[in-house]
Amino acid sequence: MSADELFLGSDGGDAAYREAMGRAVDAVLDSFADGDDPYSGASPDALAAQFDDPVVPEDGRGLDAAIDEVSERVLAHSVGTSNPRCAAHLQCPPMIPGLVAEALLTATNQSLDSFDQAPAATVLEERVVGALCDLFGLPSGADGVFTSGGTQSNFQALLLARDRHCDRRFGRNVQADGLPADAESLRILCSEEAHFTGKQAAHHLGLGERAVVTVPTDDDRRMDPDALDSTLAELDDRDADPFALVGTAGTTDFGSVDPLAALADRAAERDLWFHVDAAYGGALAVSDDHGHLIDGIERADSVAVDFHKLFYQPISCGAFLLRDGDDFEWMARNAAYLNPEEHDEAGVPNLVAKSVQTTRRFDALKPYVAFRALGRSGLATLVDRTLELADEAAELVAAADDFELLAEPTLNAVVFRYRPREGMDDAAVSRLNAAVRSELLRDGRAVVARTDVGGVTSLKFTLLNPTATLDDVAAMLDAVRDCGSDVAAERGVAA
Ligand SMILES: *Cc1c(COP(=O)(O)O)cnc(C)c1O
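Thresholds applied
- Residues numbered from 1 in each chain as written.
- Predicted model: local features only at pLDDT ≥ 70, side-chain atom pairs only at ≥ 80, totals over all residues.
- Heavy atoms only, no water.
- UniProt positions renumbered as here; feature names shortened; annotations may be inferred.
- Pairing = 2+ DSSP bridges.
- Helix = DSSP H or I, 4+ residues; strand = E, 2+ residues; numbered from the N terminus.
- Right-handed = clockwise from strand over helix to strand, strands pointing away.
- Near = heavy atom within 4 Å.
- Polar contact = N/O pair within 3.5 Å; in protein donor to acceptor, adjacent residues only side chain to side chain.
- Areas by Shrake-Rupley, 256 points an atom, 1.4 Å probe, with all protein chains shown as cover.
- 1 Å grid on protein atoms, 1.4 Å probe; cavity = no way out; pocket = protein on both sides within 12 Å on 5 of 7 lines; lining within 4 Å.
- Sits in = over half its atoms within 2 Å of the grid points.
- Nonpolar A, V, L, I, M, F, W, Y, C, P; charged D, E, K, R; others polar.
- Patch = residues over 30% accessible without salt bridge, like charges linked within 9 Å, V, L, I, M, F, W, Y side chains within 5 Å.
- Salt bridge = Lys/Arg side-chain N within 4 Å of Asp/Glu carboxyl O.
- Buried < 20%, exposed > 50% of the residue type's maximum accessible area, 1.4 Å probe, protein only.
- Contact = heavy atoms within 4.5 Å.
- Points joined across faces, edges and corners; volume = space filled by probe spheres on them.
- Axes fitted to C-alpha atoms, helices over the stretch in contact; angles between N-to-C directions.
- Domains from an automatic or database assignment.
- Buried area = accessible area lost by both parts, 1.4 Å probe.

As named in an unreviewed UniProt entry, the chain is Aspartate aminotransferase family protein, taken from Halopelagius longus. Turning to the chain, the UniProt record has this under Cofactor (unreviewed entry): "pyridoxal 5'-phosphate". UniProt annotates the chain under Sequence similarities (unreviewed entry) with the comment "Belongs to the group II decarboxylase family."

What follows is the structure, given as structure tokens:
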């Protein structure tokens with residue numbers, strides 16, 4: 001291929017782009033037309049065997065051939081995120097406005113680290129961040145930045161919390177001088193259902209996972225404020241130094257939401273940084289019916305919200321919001337080639353100093369296009385429909401003799417077990433559900449998650465497709481039953 005056909009900006013390149021993008025769109029749509037199961041069932045070995053020719057051949061075969069190959073080898077064996085029977089993880093069907101925005105942002109390749117690499121994109125990201133701060137009820141002076149997702153947002157929250165605390169308590173500038181001698185006593189509090197990235201961040205921040213103290217939850221898997229009080233009292237007795245309290249709005253397995261207002265009270269009393277991990281549940285902010293579930297989030301010092309989950313945007317897309325934008329100072333730096341100090345003085349927007357990334361995607365365009373195209377009410381309809389389907393699915397599971405519903409859904413996760421015979425012991429149920437879940441992936445009719453509840457392997461639907469119906473849920477339950485019989489037949493026992 002000549003350079004003219006490889007780059008935009010010439011007649012030849014522009015025509016090649018139009019044609020190739022058309023082929024790419026056809027390849028995607030053809031992959032959906034190829035059978036209606038969410039997965040082909042291919043095993044890791046079968047997939048590896050397809051890629052036995054050199055990744056870097058001496059001579060290229062042209063783009064058309066490469067696209068055809070990707071269709072056959074990759075798209076045909078991708079998990080069908082847009083299929084209504086794909087309901088395993090918080091991996092959403094990407095909405096078309098987001099896919100369009102993705103095409104626009106990659107073609108223009110703006111980089112958000114400096115204004116001169118992304119003029120309109122920089123200003124728009126700031127506008128979108130401002131709108132998000134308003135959506136979550138944060139006061140004026142709040143600020144934020146787009147991130148790769150909840151992992152990065154949670155990390156950034158705990159980084160700023162740690163460094164502010166170390167400055168105030170020890171007069172230590174961690175950015176310049178590293179951790180203080182007393183760092184061993186620093187503690188982060190979160191519930192026992194909180195996402196693992198809290199512990200991961202503690203490790204990355206040099207505090208160690210041990211610094212994370214988990215607080216027991218109530219029967220609905222929400223942090224118990226009384227248990228938080230006793231945990232804080234115990235930490236006092238041990239001379240530990242808690243500096244951050246993480247509330248979760250939407251736990252991964254059950255979608256439970258911590259009592260954020262009660263947590264905000266404790267954080268205020270104890271001068272803790274209050275971070276809300278709303279990677280999953282943040283989308284409730286657009287919903288009239290369910291928005292009350294995250295009341296109290298407006299009191300957070302920082303918020304993590306993901307758009308690649310319940311906001312239906314393509315991966316990756318998240319935001320980190322900060323109650324007091326001045327707290328970005330704990331990580332700010334100036335580089336002569338990107339954001340010299342004289343630019344700060346002249347008011348040139350400077351996003352690189354707010355991010356742990358340097359070169360950074362213009363992901364803010366995706367929620368922007370979605371918000372503009374659908375409005376708040378349009379998004380609310382999708383979120384509400386998804387949550388409603390989860391309630392209907394839970395009823396269906398609860399009504400079936402051979403299934404056991406483990407909790408009423410708070411959001412859109414339905415956790416259950418297949419227990420075809422009454423009196424089956426937990427160990428047998430664990431083995432059966434684990435085997436069913438592997439068999440389902442080989443079968444391909446339904447993509448379902450597994451998790452552990454009280455030490456017993458269980459199954460989970462994460463319903464994220466607003467076009468899915470109760471019939472789709474019933475078909476997934478039937479697929480579980482069929483796979484259960486197959487597993488039993490293989491083992492020569494009656495399921
Ligand atoms: C998904 C999720 C994360 C991790 O976010 P990524 O976007 O995968 O980096 C963290 N916390 C919660 C509650 C989540 O749902």
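Asks: Describe the sheet that holds strand 1 (residues 86-87), naming the residues involved and giving the relevant values.
Replies: A sheet is described by the order of its strands in space; here 5 strands give the open sequence 1-11-12-10-9, paired in mixed fashion. Two strands in the sheet have a free side with no partner beyond their single neighbour: strand 1 and strand 9 (403-405). Both strand 9 and strand 10 (residues 413-418) contribute to a ladder of 3 bridges, which runs antiparallel. In the sheet register, Phe-403 faces strand 10, and the bridge partner there is Tyr-418.

Asks: Pulling in residues and values, what's your account of the pairing of strand 4 (residues 212-215)?
Replies: Bridge count for strand 3 (residues 186-191) against strand 4 is 4 bridges, and the pairing is parallel. In the sheet register, Ser-191 faces strand 4, and the bridge partner there is Val-215. The parallel pair strand 3 and strand 4, bridged by helix 9 (residues 197-204), forms a crossover whose chirality is right-handed.

Asks: Account for the site of the ligand, with residues named and values stated.
Replies: Taken together, the neighbourhood of the ligand is formed by 14 residues, with Thr-151, Asp-277, Asp-306, His-308 and Lys-309 sitting nearest. The separation between an oxygen atom of the ligand and a polar side-chain atom of Thr-151 is 2.5 Å. Lys-309 is positioned with one of its side-chain polar atoms (N or O) 2.8 Å from an oxygen atom of the ligand. The fraction of the free accessible surface of the ligand (380 Å²) that becomes covered by protein chains is 85%. Comparing atom positions with the cavity grids shows the ligand to sit within the second largest pocket. For the shell around the ligand, the leading source of residues is helix 7 (residues 150-170), giving 3 residues. Each residue belonging to the shell around the ligand can be placed in one class, and the counts come to 3 nonpolar, 8 polar and 3 charged.

Asks: Run through a nonpolar patch on the surface, naming residues and quoting values.
Replies: A cluster of nonpolar side chains, namely Met-1, Leu-6, Phe-7 and Leu-63, defines an oily patch on the protein surface of about 430 Å² accessible area. Of note, Phe-7 is situated in the loop between helix 1 (3-6) and helix 2 (11-33).

Asks: Hey, could you go over the side chain of Asn-465 for me, with residue numbers and the actual values?
Replies: Considering the arrangement of structural elements, one finds Asn-465 in the loop between strand 12 (456-462) and helix 15 (470-491). On the basis of relative accessible area, Asn-465 is assigned to the buried category, the value being 8%. In terms of polar contacts, Asn-465 uses its side chain to reach the side chain of Thr-467, at 2.7 Å. The contact partners of Asn-465, leaving out residues within four places of it in the chain, are Ser-82, Asn-83, Pro-84, Pro-93, Thr-386 and Leu-389.

Asks: Go over unusual backbone geometry, please, and point to the residues and values.
Replies: A cis geometry characterises the amide bond from Ile-315 onward to Ser-316, with omega recorded as -5 degrees. Counting through the fold element by element, Ser-316 comes out in the loop between strand 7 (302-306) and strand 8 (318-322). One non-glycine residue, Asp-271, lies in positive phi territory at about 60 degrees. As for its position among the elements, Asp-271 is in the loop between helix 11 (260-270) and strand 6 (273-278).

Asks: Describe the UniProt feature "modified residue: N6-(pyridoxal phosphate)lysine" (unreviewed entry) in the chain, naming the residues involved and giving the relevant values.
Replies: In the numbering used here, UniProt assigns the "modified residue: N6-(pyridoxal phosphate)lysine" (unreviewed entry) feature to Lys-309. Relative to the assigned elements, Lys-309 resides in the loop between strand 7 and strand 8. Contact partners of Lys-309, with chain neighbours within four places excluded, come to Leu-90, Cys-92, Ala-279, Tyr-280 and Leu-464. At 3.2 Å, the side chain of Lys-309 forms a polar contact with the side chain of Asp-306.

Asks: Got a sec to walk through empty space enclosed by the protein? Specific residues and values, please.
Replies: For the structure on display, the rule yields 1 cavity of 30 Å³ or more. Together, Asn-154, Leu-158, Ile-188, Cys-190, Ala-194, His-195, Thr-197, Gly-198, Val-246, Thr-248, His-275 and Asp-277 line the largest cavity. Only helix 7, strand 3, helix 9, strand 5 (241-248) and strand 6 provide two or more residues apiece to the lining of the largest cavity. Taken together, the residues of the lining of the largest cavity break down into 5 nonpolar, 6 polar and 1 charged.

Asks: Quick rundown of the sheet that holds strand 3? Include the residues and the values.
Replies: Read from one edge to the other, the open sheet built from 7 strands follows the order 2-8-7-6-5-3-4, with strand pairing classed as mixed. Two strands close off the open sheet at either side, each with one partner strand: strand 2 (143-147) and strand 4. For this sheet, the mean inter-axis angle between neighbouring strands, taken without regard to orientation, is 20 degrees. Helix 11 rests against strand 5 and strand 6 of the sheet, and its axis sits at about 165 degrees to strand 5.

Asks: Give me the lowdown on the layout of surface pockets, citing residues and values where you can.
Replies: When its volume is computed, the largest pocket comes out at roughly 1,600 Å³. Looking at the largest pocket, it is lined by 48 residues, and the ones nearest its centre are Val-28, Phe-32, Ser-82, Pro-94 and Leu-99. Of all the secondary structure elements, the ones that give two or more residues to the lining of the largest pocket are helix 2, helix 4 (63-73) and helix 5 (96-108). With 9 residues, the top contributor of residues to the lining of the largest pocket is helix 2. Its residues placed into classes, the lining of the largest pocket shows 30 nonpolar, 14 polar and 4 charged.

Asks: So, the domain arrangement of the chain: which residues are in play, and what are the values?
Replies: The domain architecture assigned to the chain consists of domain 1 (3-78), domain 2 (111-361) and domain 3 (371-491). Each of domain 1 and domain 3 was reduced to a C-alpha centroid, and the two centroids are 33 Å apart. Between domain 1 and domain 3, the contact holds 4 residues from the first and 7 residues from the second. For the pair domain 1 and domain 3, the summed buried area comes to about 400 Å², and 58% of that belongs to carbon and sulfur atoms. Taken as a group, Pro-38, Tyr-39 and Gly-41 account for 79% of the area that domain 1 buries against domain 3, more than any other trio of residues on that side.

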